[in-house]
Amino acid sequence: MTQTLDGKALAEKIQTQLITQVTAGQSQWGRPPGLAVLMVGDNPASAAYVRNKERACTKVGIASFGRHFPAHVTQAELTAVIHELNGDDRVDGILVQLPLPSHLNGVALLHEIDPDKDVDGLHPLNMGRLMRDERGLRSCTPAGVMRLLKEYEIPFVGKEALVIGRSILVGKPMALMLLAANATVQIAHGKTQDLETLARRADILVSAVGKPGLITAAMVKPGAVVVDVGINRVVNLDTGKARLVGDVDYGAVAPLAGAITPVPGGIGPMTVAMLLENTVLSYQERLGG
Ligand code: NAD
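Since we're looking at a predicted model, the values are computed, not measured.

Caption draft 1: Expanded view of the domain arrangement of the protein chain. Split by domain assignment, the protein chain resolves into domain 1 (30-114) and domain 2 (140-268). Taking only C-alpha atoms into account, the centre of domain 1 sits 28 Å from that of domain 2.

The following block contains the structure:
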């Protein structure tokens, strides 16, 4: 029987735990945790993600200090806002919603965020801490994958894991986290030869590419754990209706996988839960020491 790894249910459980921690913090320190999400321009997907994050913040009692800038905002203006938020004691977490318009340098902006408020875990210092297995804020999507797999007691030690995708946001930190959990890890990417053979060896297969239907049944070892990070908007040409799908051909792969994450309801909600958790962690460390 295939196990469905229910990210939505676990995210709700984590949010309930966070409400308790936020309530305790509020009575101890007299203020709630604060998160500032910076959004530039009007990309509808980004706007939906930001709305989601702010709604989740409200649910657990995190105050939002988000700002929305027009697409023509300058690098200098954004840098100044980040510096202001770094110095604002009510703000425990800062994140810049990606992607940014092409005239802006997102990496340079990440360098400006105080590493202790870097709740997206993308500052080079936090990336370095991950590389060294040191404590630090971890990037939300791969952290969400690990948390979900741990919740279902998926074994990692000595297992062969394949991460497909090598972005700074997902693929690379994902591979490092699996390595830290003692899996034997490979990374595939757009230039990889014979993805099918590599994928068929994997006990744990993580796809973070952004191509619907990339992972077919022929690429999955029977009983493997399949994690679908991809989010793709697919429009039905007959009805004109759009729906979200992952990278995995779910209908064909689910019957032979040992465990699988759905899209939606898998890694998406876990990513938001990890963002909230990072914000509360940063709050507790900043105020509680
Ligand atoms: P990205 O475009 O930065 O990286 C995609 C990676 O896929 C690249 O490393 C590229 O080398 C690799 N790739 C491209 N074509 C390939 C192929 N045919 N075979 C193997 N590898 C190939 O994207 P990203 O930011 O890492 O995001 C990846 C996907 O995950 C997207 O669909 C994105 O929307 C989704 N995502 C989901 C969440 C979530 O919360 N669930 C969070 C972040 C990203």
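Caption draft 2: Representation of the pattern of salt bridges within the structure. Counting across every chain of the model gives 11 salt bridges. Glu151 serves as the salt-bridge partner of Lys13, at 2.6 Å between the closest nitrogen and oxygen. In this pair, Lys13 sits in helix H1 (residues 7-29) while Glu151 sits in helix H6 (residues 140-151), placing the two residues 138 residues apart along the sequence. Taking the relative accessible area as the measure of exposure, Glu151 reaches 36% and is therefore partly exposed. Arg90 is the salt-bridge partner of Asp88, the closest N and O atoms lying 2.8 Å from each other.

Caption draft 3: Spatial organisation of the nonpolar core. Core analysis: the largest hydrophobic core is formed by 49 residues, its most contacted members being Leu149, Leu178, Val225, Val227 and Val229. Of all the elements, helix H10 (residues 267-288) adds the most residues to this core, at 8 residues. Mapped onto the domain boundaries, this core takes at least three residues apiece from domain 1 (30-114) and domain 2 (140-268). Residues in contact with Leu149, not counting those within four places in the same chain, are Leu5, Ile154, Phe156, Ile204, Val225 and Val227. Ranked by size, the runner-up nonpolar core spans 20 residues in total, among them Ala36, Phe65, Val81 and Ile82.

Caption draft 4: Structural detail: the site of the ligand. Residues in contact with the ligand amount to 21 residues; listed here are only the nearest, Arg166, Ser167, Gly190, Lys211 and Thr271. In the model, a nitrogen atom of the ligand is placed 2.9 Å from a nitrogen or oxygen of the Lys211 side chain. Backbone polar atom of Val229 to a nitrogen atom of the ligand: 3.4 Å apart, as the coordinates give it. Coverage of the ligand by the protein amounts to 71% of the 860 Å² it exposes when considered alone. Here the shell around the ligand takes 3 residues from H10, the largest share from any one element. Class assignment for the residues of the shell around the ligand results in 10 nonpolar, 9 polar and 2 charged.

Caption draft 5: Geometry of the sheet that holds strand S8 (residues 204-207). With respect to topology, 6 strands assemble into an open sheet ordered S1-S12-S9-S8-S6-S7, the strand pairing being parallel. Each edge of the open sheet carries a strand with a single partner, namely strand S1 (3-4) and strand S7 (184-188). Two elements, S1 and strand S12 (residues 259-260), share 2 bridges in a ladder whose sense is parallel. Residue pairing in the sheet places Gln3 in a bridge with Ala259 of S12. Set on the sheet, helix H7 (residues 171-180) makes contact with strand S6 (160-164), S7 and S8; between it and S6 the angle comes to about 170°.

Caption draft 6: How the structure looks around the packing of H6 against H7. Direction vectors running N to C along H6 and H7 enclose 35°, while the axes themselves pass 8 Å from each other. Crossing angle aside, the handedness with which H6 passes H7 is right-handed. Across the interface between the two elements, Pro142, Ala143, Val145 and Met146 of H6 pack against Pro173, Met174, Met177 and Leu178 of H7. Among the residues making up the contact of H6 with H7, the classes are represented as 8 nonpolar, no polar and no charged.

Caption draft 7: Looking closely at the packing of aromatic side chains. Summed over the entire model, instances satisfying the criterion amount to 1 aromatic pair. Between the aromatic rings of Trp29 and Tyr283, the centroid separation amounts to 5.3 Å while the plane-to-plane angle is 90°, which identifies the pairing as edge-to-face. Highlighted residues: Trp29 in helix H1 and Tyr283 in helix H10, separated in sequence by 254 residues. Overall, Trp29 belongs to the partly exposed group, its relative accessible area being 28%. Taking relative accessible area as the criterion, Tyr283 reaches 0% and is therefore assigned buried.

Caption draft 8: Summary view of unusual backbone geometry. Looking along the chain, the bond that leaves Leu98 and enters Pro99 is cis, with omega of 0°. Examined against the element boundaries, Pro99 turns out to sit in the loop between strand S5 (93-96) and helix H4 (106-112). Each neighbour pair has its own omega, and for Val263 with Pro264 the value is -5°, a cis peptide bond. Residue placement: Pro264 occurs in the loop between S12 and H10. Unusually for a residue other than glycine, Glu153 sits at a positive phi of about 55°. Within the fold, Glu153 resides in the loop between H6 and S6. We classify Glu153 as exposed; its relative accessible area is 70%. Despite not being glycine, Asn182 shows a phi value in the positive range, around 75°. Here Asn182 is to be found in the loop between H7 and S7.

Parameters at a glance
- By convention here, each chain's residues receive numbers from 1 onward along its written sequence.
- In keeping with the predicted nature of the model, local features appear solely for residues at pLDDT of at least 70, side-chain atom pairs appear and are counted solely at 80 or more, and the whole-chain, interface and lining totals rest on all residues.
- Based on all heavy atoms of the structure, the side-chain values leave hydrogens and waters out of the count.
- As used throughout, domain bounds are those supplied by an automatic or database domain assignment.
- Should a side-chain nitrogen of Lys or Arg be within 4 Å of a carboxyl oxygen of Asp or Glu, the pair is scored as a salt bridge.
- Where helices and strands are cited, they refer to DSSP runs of H or I of at least four residues and of E of at least two residues respectively, numbered from the N terminus.
- For every residue, the accessible area (1.4 Å probe, protein chains only) is compared with the maximum for its type, and the residue is labelled buried under 20%, exposed over 50%, or partly exposed between those bounds.
- Grouping buried Ala, Val, Leu, Ile, Met, Phe, Trp, Tyr and Cys residues that are joined through side-chain atoms within 4.5 Å yields what is termed a nonpolar core.
- Should any heavy atoms of two residues lie within 4.5 Å, those residues are counted as being in contact.
- Residues are labelled near a given molecule or strand when at least one of their non-hydrogen atoms is within 4 Å of it.
- As used in this structure description, the phrase polar contact means that two N or O atoms lie within 3.5 Å; if the pair is within protein, one of them must be able to donate a hydrogen and the other to accept it, and residues adjacent in sequence are counted only when both atoms belong to side chains.
- Note that accessible areas follow from Shrake-Rupley with a 1.4 Å probe, and for residues the cover is restricted to the protein chains shown.
- Under the scheme applied here, ten amino acids are nonpolar (Ala, Val, Leu, Ile, Met, Phe, Trp, Tyr, Cys and Pro), four are charged (Asp, Glu, Lys and Arg), and all others, including Gly, are polar.
- Think of it this way: DSSP has to see at least two bridges between two strands before they count as a pair.
- Lines fitted to C-alpha atoms define the axes here, with helix axes fitted over just the stretch in contact, and angles between the N-to-C directions of these axes take values from 0 to 180 degrees.
- What makes a crossing left-handed is the near helix being turned counterclockwise from the far one by less than a right angle; a clockwise turn instead makes it right-handed.
- Stacked, edge-to-face and tilted labels apply to pairs of Phe, Tyr and Trp rings (six-membered ring for Trp) whose centres lie within 6.5 Å, assigned for plane angles under 30 degrees, over 60, and everything in between, in that order.

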